[in-house]
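Okay, here's what each chain looks like letter by letter:
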Amino acid sequence: MSDAIVSLQNVNKWYGDFHVLRNINLEVAKGERIVICGPSGSGKSTMIRCINRLEEHQSGVIQVDGTELINDLRRIEAIRREVGMVFQHFNLFPHLTVLENLVLGPTWVLKQPLAQAEALAMKYLERVRIPDQAHKYPGQLSGGQQQRVAIARSLCMTPKIMLFDEPTSALDPEMVKEVLDVMVSLALESRMTMLCVTHEMGFARKVADRVIFMDHGEIVEQGKPDQFFGNPQTDRARQFLSQVVH
Amino acid sequence: MSSTPPTAAPQLPFATARMSWRRIRESILHSPASVLGTVLVVWLILMAAPALLNWLLLKASFTAPDARTCREASGACWSFIREKYRLILFGTYPFDQQWRPLLATLLLIGSIVVTGVQRLRGRGLIVWWALALATVAWLMWGGLFGLTFVENVRWGGLPLTLMLSVFGIAFAFPFGVCLALGRRSRMPAIKAICVGYIEFIRGVPLISLLFMSSVMLPLFLPEGFSIDKLLRAQIAIIMFAAAYIAEIVRGGLQSIPKGQYEGADSIGLSYWQQMRKVIVPQALKVVIPPLVSTFIALFKDTSLVVIIGIFDLTQSAKAALADPAWSGFGVEAYLFIGLIYFAFCYCISKYSSTLERSLAREQQASPGR
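Described below are features of the structure shown in this document. Not measured: the values here are computed from a predicted model. (Residues numbered from 1 in each chain as written. Chains lettered and ligands numbered in written order. Predicted model: local features only at pLDDT ≥ 70, side-chain atom pairs only at ≥ 80, totals over all residues. Heavy atoms only, no water.)

## Observations concerning the nonpolar core
Consideration 1: Grouped together as the largest cluster of nonpolar side chains are 95 residues, with contacts concentrated most on Phe80(B), Trp155(B), Val249(B), Leu253(B) and Leu291(B).
Consideration 2: Broken down by element, this core gets its largest block of residues, 14 residues, from helix 10 (residues 229-254) of chain B.
Consideration 3: Apart from residues lying up to four places away in sequence, Trp155(B) is in contact with Tyr93(B), Met140(B), Trp141(B), Val150(B), Leu160(B), Met163(B), Leu230(B) and Phe311(B).
Consideration 4: Counting 51 residues, the second largest nonpolar core, distinct from the first, contains Val98(A), Phe164(A), Cys196(A) and Val207(A). (Core = buried A, V, L, I, M, F, W, Y, C linked by side-chain atoms within 4.5 Å. Buried < 20%, exposed > 50% of the residue type's maximum accessible area, 1.4 Å probe, protein only. Helix = DSSP H or I, 4+ residues; strand = E, 2+ residues; numbered from the N terminus. Contact = heavy atoms within 4.5 Å.)

## Digging into the state of the cysteines
Residue and element names in this part refer to chain A.
Consideration 1: Evaluation of the coordinates by the stated rule reveals zero disulfides over all chains.
Consideration 2: The thiol of Cys50 is unpaired, and the distance to the nearest cysteine sulfur, on Cys196, comes to 17 Å.
Consideration 3: Owing to a relative accessible area of 0%, Cys50 belongs among the buried residues under this scheme.
Consideration 4: Looking at Cys196, it has no disulfide partner, and the nearest cysteine sulfur is the one in Cys37, 10 Å off. (Disulfide = S-S within 2.5 Å.)

## Observations regarding unusual backbone geometry
The bulk of non-glycine residues show a negative phi, and the bulk of peptide bonds are trans.
Residue and element names in this part refer to chain A.
Consideration 1: Positive phi outside glycine occurs at Asn91, with the angle close to 50 degrees.
Consideration 2: Among the secondary structure elements, Asn91 is positioned in the loop between strand 6 (83-86) and helix 3 (98-108).
Consideration 3: Residue Asn91 is classed as buried on the basis of its relative accessible area of 4%.
Consideration 4: Of note, Arg129 is a non-glycine position whose phi angle comes to about 70 degrees, a positive value.
Consideration 5: When you line up the elements, Arg129 lands in the loop between helix 4 (114-127) and helix 5 (143-156).

## A word on helix 5 of chain A
Residue and element names in this part refer to chain A.
Consideration 1: Helix length check: helix 5, at 14 residues, gives a terminal C-alpha distance of 20 Å against a target of 20 Å (1.5 Å per residue), a fit within 8%.
Consideration 2: Buried residues dominate helix 5, accounting for 14 of its 14 residues.
Consideration 3: Of the residues flanking the end of helix 5, it is Thr158, one or two places downstream, whose phi is positive at about 40 degrees. (Expected span 1.5 Å × (residues − 1).)

## A word on helix 7 (residues 158-183) of chain B
Consideration 1: Here helix 7 of chain B is 26 residues long and its end C-alpha atoms lie 36 Å apart, about the 38 Å a rise of 1.5 Å per residue gives.
Consideration 2: Ala172(B) marks the point of greatest bend in helix 7 of chain B, at about 25 degrees, and the proline Pro174(B) comes within the next four residues. (Bend = angle between axes of the 7 residues up to and from the residue.)

## Re the sheet that holds strand 4 (residues 59-64) of chain A
Residues and elements named next belong to chain A.
Consideration 1: Within the open sheet, the four strands sit side by side as 2-1-4-5. Their pairing is antiparallel. Two strands lie at the open edges of the sheet, namely strand 2 (18-29) and strand 5 (67-68), each paired on one side alone.
Consideration 2: Pairing of strand 4 with strand 5, which is carried by two bridges, proceeds in the antiparallel orientation. Following the sheet pairing, Gln63 is matched in strand 5 by Glu68. (Pairing = 2+ DSSP bridges.)

## Section: the environment of Gln9(A)
All names here are of chain A.
Consideration 1: Along the chain, the position of Gln9 falls in strand 1 (residues 4-15).
Consideration 2: Judged by its relative accessible area of 24%, Gln9 falls in the partly exposed class.
Consideration 3: As for Gln9 and Val61, which are separated by 52 residues in sequence, their C-alpha atoms are 5.1 Å apart.
Consideration 4: Within the structure, Gln9 has its side chain in polar contact with the side chain of Ser7 (distance 3.0 Å). (Polar contact = N/O pair within 3.5 Å; in protein donor to acceptor, adjacent residues only side chain to side chain.)

## Points about the interface of chain A and chain B
When the parts come together, some accessible area is lost, and that loss is often what is quoted as the size of the interface.
Consideration 1: Taken together, the contacts link 27 residues of chain A with 27 residues of chain B.
Consideration 2: For the pair chain A and chain B, the two sides together bury roughly 2,400 Å², of which 57% comes from carbon and sulfur.
Consideration 3: Of all residues in chain A, Pro94(A), His95(A) and Trp108(A) give up the largest surface area on contact with chain B, accounting jointly for 25% of the area buried on that side.
Consideration 4: At the boundary of chain A with chain B, the tally comes to two salt bridges.
Consideration 5: One salt bridge in this structure joins Asp265(B) and Arg80(A), with 3.3 Å as the shortest N-O distance.
Consideration 6: When residues of the side of chain A that touches chain B are traced back to their parent elements, those giving at least two are helix 2 (73-82), strand 6, helix 3 and helix 5 of chain A.
Consideration 7: It is helix 3 of chain A that provides the largest number of residues to the side of chain A that touches chain B, a total of three residues. (Buried area = accessible area lost by both parts, 1.4 Å probe. Salt bridge = Lys/Arg side-chain N within 4 Å of Asp/Glu carboxyl O.)

## Here we look at the packing of aromatic side chains
Consideration 1: Across all of its chains, the model carries eleven aromatic pairs over all chains by this definition.
Consideration 2: For the ring pair Phe173(B) and Phe295(B), a centre distance of 6.0 Å and an interplane angle of 85 degrees mean the geometry is edge-to-face. With Phe173(B) in helix 7 and Phe295(B) in helix 13 (residues 288-301), the pair connects residues that are 122 residues apart, well separated along the chain.
Consideration 3: Classification of Phe173(B) as partly exposed rests on a relative accessible area of 26%.
Consideration 4: Three or more aromatic residues joined by ring pairs form one cluster here, namely Phe213(A), Phe228(A), Phe229(A) and Phe240(A).
Consideration 5: The lysine or arginine in question, Lys123(A), covers the ring of Tyr124(A), its NZ or CZ lying 5.0 Å from the ring centre.
Consideration 6: We note Arg153(A) situated over the ring of Phe93(A); from NZ or CZ to the ring centre the distance is 4.6 Å. (Phe/Tyr/Trp six-rings, centres within 6.5 Å; stacked < 30°, edge-to-face > 60°. Lys NZ or Arg CZ within 6 Å of the ring centre and 35° of its normal.)

As C-alpha cells, then:
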C-alpha cells in the first residue's frame, strides 16, 4: 500500500441487478504501466472509469494518490486534475480549435496564464507529432490525429496517472499504429503511471509491466506480459488469448 | 478564419439564360401536377396584380392636402402616412422633441448591428452597450444637460417597440438558459422550481400575463409602492419569452452527447466551467433556428402591450387612425407598420442564417462522438 498511487480494495459495482465489478483488488505502483484486457462486458472499462469517478462504485475503497474517492465534488475535481483520460471516441470539443481544446483545462482549472498554457500545448502537440494542426478544428482531422490531440489534451494537465479506455478501438486500421507509437514513446520516455484498456497485445508486450486479465467483473489473472501471453494460468485466459492472438 | 475566394467563372450571357431556363423547367414544370400548379399560380398573379398595382401605386394619392381629396382617388391614400408618420413612429412624444426618440432608435439599431457584425467582443461590447443605453435613457427621459424631462408614459412608437424587444431578448435569453440548465439539474428543488415555472408560463397566454402585471400586481404591492407600468410590461415579456427559450435550449442541451460531459470531466472542469465553455456553446449552435424564431415572435408580440395602453408602434398607428379628419385609412396605416415589422424580422432571420453558415464553415465535417 505504501507506494501505491492507485489502490482499489474490495470494489463492487452494480448496474441494477448486473454485477459489473466483483471484489476488485488492485494496487498500482508509481510509474507502473498496466494493460488491462478481457472479453467485452468484462468490466475493464468500468474499472478504470471508477478511478476518475466517471462511474461511481458502490462498495469498497478507491484511493488515488493517497486520497480516497468519496462523494465530495471538491475531492473528485482534485483527483481528476491528477488523472488524465483518453477515450475510445476521443471526446474532443468540436467547437474549439485543437489549441483551444488543449489550453481549456490548464487555463480554467490550473489557472495558468494563456501564453504559458499555449506554449505547453505546443510542446505536447509536437510530442504527439501534429504541431501543424494546432489551429484546425477536430472535425477537420483524421481519427488518428484526433486521438493524438486527445492524448495531448490530457498531458497538458500534467497528470500523474493516465487512463486509456480502448484508445485505438474506434480507429481505422491504418491509424492504429500512429496512436500506439505515441503511447509507446510516452510510456518509455516519461515513466508515467498508465492504465490502459486495450486489445493491442503487441503494445502490451512492448511496454506493460503487468497485464491484468478480467472476465465477468473479476480480475482473473495477472502477471508479467511474457508470462501471461506465454503461459496463461487459467482456462478463461487461455480461451481469450486463443481468440485474440492468431 | 480563412475565406475561400468566390468561384466567379465568367459565363456567356446566353449560356446563363439557357441554364436558368433549364432550372425553371426542372423546378416548376417537371410533372403534370406542377404544370397545373404553375398555370394556376400564374393565372392568380395575372388576376391580382393589376388591381393591386392600381391600388398601391397608379391610382394612389401621394400628395393630397386633406382627407377628402384623398378619398376621391380610388387607390391607396399614402398622404395619410405622410401626414401621420411622426405620430406613428414616435407616438405622443412631444412633437418638437421628436429628434430625440429618432436618435435613440438609430442608436439602438446601430448597437444591434455592432453586436451582429462581431467587431466588438467581450468587455468592449459591454462598455459599448452601457454607453449606448445610458445615452438612449438620457435622450428619451431628458432632464439633464439641457434636455427637457419627458415622462415615459409619453414614449411611444418604434423606439418603444425596439426597447421592449431589445431588453426582452437581452434578459430573457440568459434567464432562459439558466432555466434550461435548472430543469436538467440533479438537485430536486431547483429542478422542481424550473419545471413549475416553465410549465406555468407556457400554459398562460402573454395577454393574460400582461393583464396580470398591469391590473393584479398593483393590488398585491404595499400602498405607496408602485412599479412603473412600462417596466411591468417589460418584465411580463421577459418572463414569458424566457420559458420558451428555456425549452428550446433544453432541446439543444439534450443533443450534446455524453462523451462531451465525460471529456470535460476528465480534464477537471467544474460544472459551471463545463457548461460555460463546452456544453452551452454547442447546444446554442444547434438551436439557432428555433431560437431566432422565438426572438422574432417576441419582437412581434411586443405589439400586445396595446391592451394595457402602452403606446408601441401598433398602438400609435391606431392613434393616428383616431383622428376624425383622417379616419378610414386603416389599411394604409397597418401596411405601413407591417412593413416596418417585416423589415426588422427579415433582417433578424437573414442574420441568423448567415451566422449558421459561418459557424458551419468553421467546423466543416462533424467530428467523432
